[in-house]
Amino acid sequence: MIEDIYRIGLALKCMNKNTSGAIDEDIMPDKSAKIDQIVAICLSSRGNYQGVTLVEYGSENAESILLKKKSPNGPNYAPTAQITEFEKTLNVKIVSWFKWAKKQGEQFELDTDELQFISNVENTLEENEASIIKEYTAFNLPKKGAYVLTVMVDSKFPVDVPAIFKLYAGSIREKRERAGKGTCSLCNKKGTDIIPKSTVFKFFTVDKPGNVSGGFGESNVWRNYPVCAECETVLGKAKEYIWDNLKFDYVDMQYYLIPSTLSVDPTLEKLITILEELRIKSFSFKEEASKSLKRSEKQIWNVINLENDINSFTLLFVESEMAGNVERIVLELKDIYPSRVKRLYEAKKAVEKSFEERIESFNFKFIRDFLSRSDKKTKDKDLTSLFLDVTRKLFKKEKIEQKILLPHYMREIRQCLGSGDNMRQFSDVALKAWVSIAYLIEAECIKSERGVNMDTRFDALYKKYGAGLDCELKCALFLTGALVRKVMDIQFAKIKSMAFRDRLMGLKMRQEDVLRVINEAQQKMYEYDSYSNESKQIVEQIMQLILKSPSKWPMTVDEINFYISAGMSLYKEIYAAAGESKSEDSVVQSGL
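Computed from a predicted structure; not experimentally measured. (Residues numbered from 1 in each chain as written. Predicted model: local features only at pLDDT ≥ 70, side-chain atom pairs only at ≥ 80, totals over all residues. Heavy atoms only, no water.)

Some remarks on the overall build of the protein
For step 1, the next point in the chain: Within the protein, the regular secondary structure consists of 20 helices and ten strands.
For step 2, the next point in the chain: With 592 residues in all, the protein has 53% of them scored as buried.
For step 3, the next point in the chain: Here the protein displays about 27,700 Å² of accessible surface, and carbon together with sulfur accounts for 48% of that area. (Helix = DSSP H or I, 4+ residues; strand = E, 2+ residues; numbered from the N terminus. Buried < 20%, exposed > 50% of the residue type's maximum accessible area, 1.4 Å probe, protein only. Areas by Shrake-Rupley, 256 points an atom, 1.4 Å probe, with all protein chains shown as cover.)

This is the structure in structure tokens:
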């Protein structure tokens, strides 16, 4: 992955993406931070306090403020920092920088006047702390905004203040000169200056023991991944581009799309141009994104055919904490081919066609809704690792065990069944569960033979809705769901009650319970004088299917009730297949 990102950086360099000229590449400030305004402490050339002002942040001053993060608990490379708590930022990031600068000034060849200036500013900031805080508070800036705190000397930003810029550039370059010479792992140059530790990616740590060449001692960590100063800059530029332009939404998460290639020009340049034009597109399964991705995929494959270069993509899911100072990779999907993405879209379209009368479109939220929290009362999304594992298997075309998913699906379905007389929410949740399993089957991640063929009027139904109905028993349970749901509908129409729901045991029925409820459903229909020909056909079909099934059902309680709940959510479609017209259905319609 790092090599792929590095190649993107080289391609960007070839494409003249770097627009700066005043600051060398190896000391380039951070420009990826989302900033609304600059809060500047105004000083004279002698370091006297002149107030606080607001400056609009934009491309013309993004580099001039020299925002480059260093330590989360200490000053940055320049007296510039994003504001968290103003007083804390002022003291930890700004005042502390001038204290450090006063001690290190001679080391970085500051002359006498520059050293005096640094000392004066330190005293000025300490003496005027209360005034600075008061003036900042008076701005009453919106709390949701993002702001950066810096200094201006005679209306000049830090880049144009010699004393500050010398310390900024010197401290960065000093850090990169301590490890000695070696062979860079990216450009393979021998005898080049190796930096002690790459800081481009925050998920690179040195505080965990491991079986690696350099150990995890801070002084020898460069041996684990030796990088020269020039390649560090290229890597940083590539990350900035990817983080800004190739970041896409995935349900309630985000991922970065990284093309994997074996060379840098001209193939990767063309691919980056395509991706740059399609920044807002992603594997999100939004309709407009789907159409655009198909267009981009065609162009990408044209590049592959012509150049025989681009191999695949990496999808990198990263969590950021502490204002981006801490990054954690939660999932890395390597070698994702456009053909697999195309297959996922084909599965999406197939599911949408089957359920076009019930759902507008399918997206991964159908799955995430069941694999988020095991307890809705808690804020912790403790099922995220399971959801990411399903995501990985989807994109890698690996098998997913349905039995692992069903306990979480059934937990949500059961909760909805017991939430009042209105069954609409139950039907929606049960249908969503059924559709998501149907999608996993269409995507070839859950093995299933599509439907059974018994030469009955229900065969078309099994084929259309029953991607998972691959045996007689599952079909019987599916139809049983429609039967019991119909009883509840009739009961509500007759007596405004759904007491029969209690006979379902909260959808925790076993084999003997299901056989009992089938008989009870027939009896209730007789009692209400509503045992229609369609219900008789469904019962007959259920019994035929059960007779062809094993005497002891090889299914868990969750599996049994999952197929029943699916039938309950699609009971109108099942009764329509049995021949019931919409007018007949409306006679017992409960409005649910």
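Here's the deal with the packing of helix H12 (residues 402–417) against helix H13 (residues 424–442)
For step 1, the next point in the chain: Running from N to C, H12 and H13 cross one another at 165°; their axes reach a closest spacing of 8 Å. When the axes of H12 and H13 are compared, the pair comes out roughly antiparallel. Pair H12 / H13 crosses with right-handed handedness. On H13, the residues that touch Gln402, Leu405, Tyr409, Glu412, Ile413, Cys416 and Leu417 of H12 are Gln425, Phe426, Val429, Ala430, Ala433, Ser436, Ile437 and Leu440.
For step 2, the next point in the chain: Across the contact of H12 with H13, the residue classes break down as eleven nonpolar, three polar and one charged. (Axes fitted to C-alpha atoms, helices over the stretch in contact; angles between N-to-C directions. Parallel < 35°, antiparallel > 145°, perpendicular 65-115°, else oblique. Left-handed = near helix turned anticlockwise from the far one by under 90°. Contact = heavy atoms within 4.5 Å. Nonpolar A, V, L, I, M, F, W, Y, C, P; charged D, E, K, R; others polar.)

Regarding the nonpolar core
For step 1, the next point in the chain: Core analysis: the largest hydrophobic core is formed by 103 residues, its most contacted members being Phe355, Ile367, Tyr439, Leu440, Leu479, Phe562 and Met568.
For step 2, the next point in the chain: For this core, the element with the highest residue contribution is helix H15 (residues 472–495), accounting for 13 residues.
For step 3, the next point in the chain: In terms of nonpolar packing, the next biggest core, distinct from the first, is built from 40 residues, Ala78, Ile118, Val159 and Tyr168 among them. (Core = buried A, V, L, I, M, F, W, Y, C linked by side-chain atoms within 4.5 Å.)

A word on the packing of H15 against helix H16 (residues 511–527)
For step 1, the next point in the chain: Where H15 contacts H16, the two axes come as close as 10 Å, and the packing angle between them is 35°. For the element pair H15 and H16, the recorded crossing hand is left-handed. Between H15 and H16, the residues in contact are Leu477, Thr480, Leu483, Val484, Lys486, Val487 and Ile490 and Val514, Val517, Ile518, Ala521, Lys524 and Met525, respectively.
For step 2, the next point in the chain: By residue class, the composition of the contact of H15 with H16 is ten nonpolar, one polar and two charged.

Regarding the pairing of strand E4 (residues 147–153)
For step 1, the next point in the chain: Within E4, seven of the seven residues are buried, which leaves the element mostly enclosed by the surrounding structure.
For step 2, the next point in the chain: Burial of the side chains of E4 extends over both faces: Tyr147, Leu149, Val151 and Val153 are buried on one face and Val148, Thr150 and Met152 on the other.
For step 3, the next point in the chain: Direction of pairing for strand E1 (residues 37–43) relative to E4: parallel, over a ladder of seven bridges. Counterpart to Gln37 in the pairing with E4 is Tyr147.
For step 4, the next point in the chain: Where strand E3 (residues 81–82) meets E4, two bridges bridge the pair, whose relative direction is antiparallel. Within E4, the position partnered with Ala81 by the bridge is Leu149. (Pairing = 2+ DSSP bridges.)

Let's talk about the pairing of strand E2 (residues 49–56)
For step 1, the next point in the chain: Examined bridge by bridge, E1 and E2 share seven bridges and lie antiparallel to one another. Along E2, the bridge assignment pairs Gln37 with Glu56.
For step 2, the next point in the chain: Between the antiparallel neighbours E1 and E2 lie five residues, among them Gly47 with a positive phi of about 90°.

A closer look at the confidence of the model for the protein
For step 1, the next point in the chain: Here the protein averages 83 in pLDDT, and 80% of its residues register 70 or above.
For step 2, the next point in the chain: Low pLDDT, under 50, characterises residues 297–309; the stretch is placed with 24 contacts to residues that sit more than four places away or in other chains. (pLDDT = per-residue confidence, 0-100.)

Observations regarding the pattern of salt bridges
For step 1, the next point in the chain: Tallied over the full model, the rule gives 30 salt bridges.
For step 2, the next point in the chain: Glu114 is the partner of Lys166 in a salt bridge, and the nearest nitrogen-oxygen pair spans 3.1 Å. Of the two residues, Lys166 is situated in helix H5 (residues 162–175) and Glu114 in helix H3 (residues 112–127); the sequence distance between them amounts to 52 residues.
For step 3, the next point in the chain: Lys166 sits in the partly exposed class, given a relative accessible area of 34%.
For step 4, the next point in the chain: The class of Glu114 is buried, set by a relative accessible area of 11%.
For step 5, the next point in the chain: Through salt bridges that share partners, Lys99, Lys102, Glu122 and Glu126 make up one connected network. (Salt bridge = Lys/Arg side-chain N within 4 Å of Asp/Glu carboxyl O.)

Observations concerning H13
For step 1, the next point in the chain: Over its 19 residues, H13 runs 26 Å from end to end, which matches the ideal 27 Å to within 8%, given 1.5 Å per residue.
For step 2, the next point in the chain: Judged by how many residues are buried, H13 sits mostly within the fold: 15 of 19 residues are covered.
For step 3, the next point in the chain: Note on H13: the residue one or two positions beyond its end, Glu444, has a positive phi of about 65°. (Expected span 1.5 Å × (residues − 1).)

So, the packing of aromatic side chains
For step 1, the next point in the chain: Going through the model one piece at a time under the given rule, you end up with 21 aromatic pairs.
For step 2, the next point in the chain: The lysine or arginine in question, Lys239, covers the ring of Trp243, its NZ or CZ lying 5.1 Å from the ring centre.
For step 3, the next point in the chain: One cation-aromatic arrangement involves Lys432 over Phe366; the distance from NZ or CZ to the ring centre is 5.6 Å. (Phe/Tyr/Trp six-rings, centres within 6.5 Å; stacked < 30°, edge-to-face > 60°. Lys NZ or Arg CZ within 6 Å of the ring centre and 35° of its normal.)

A short note on the sheet that holds E4
Backbone-to-backbone hydrogen bonds pair the strands of a sheet. The strands run either parallel or antiparallel.
For step 1, the next point in the chain: Pairing within the open sheet is mixed, and its four strands lie in the order E2-E1-E4-E3. Of all strands in the sheet, those bounded by a partner on one side alone are E2 and E3.
For step 2, the next point in the chain: Taken strand by strand, helix H4 (residues 129–139) contacts E1 and E2, and its axis lies near 30° from that of E2.

Let's talk about the side chain of Thr391
For step 1, the next point in the chain: Along the chain, Thr391 turns up in helix H11 (residues 384–396).
For step 2, the next point in the chain: Under the relative-accessibility criterion, Thr391 is labelled buried at 0%.
For step 3, the next point in the chain: Of the polar contacts made by the side chain of Thr391, one reaches the side chain of Tyr250; its length is 2.6 Å.
For step 4, the next point in the chain: Beyond its immediate stretch of four places on either side in the chain, Thr391 contacts Tyr250, Phe317, Leu331 and Leu333. (Polar contact = N/O pair within 3.5 Å; in protein donor to acceptor, adjacent residues only side chain to side chain.)

Structural notes on the side chain of Asn128
For step 1, the next point in the chain: Summarising the element assignment, Asn128 is placed in the loop between H3 and H4.
For step 2, the next point in the chain: Only 2.8 Å separates the side chain of Asn128 from the backbone oxygen of Thr124, close enough to count as a polar contact.

Details of helix H1 (residues 2–14)
For step 1, the next point in the chain: The end-to-end C-alpha distance of H1, which contains 13 residues, comes to 19 Å, matching closely the 18 Å that a straight helix rising 1.5 Å per residue would cover.
For step 2, the next point in the chain: Those residues of H1 that fall on the buried side of the exposure criterion are Ile2, Asp4, Ile5, Tyr6, Ile8, Gly9, Ala11 and Leu12.

Section: unusual backbone geometry
For step 1, the next point in the chain: Within the chain, Glu444 stands out as a residue other than glycine whose phi angle is a positive 65°.
For step 2, the next point in the chain: Here Glu444 is to be found in the loop between H13 and helix H14 (459–465).
For step 3, the next point in the chain: In this structure, Asp529 is a non-glycine residue whose phi angle is positive, near 55°.
For step 4, the next point in the chain: Position of Asp529 relative to the elements: it lies in the loop between H16 and helix H17 (533–547).

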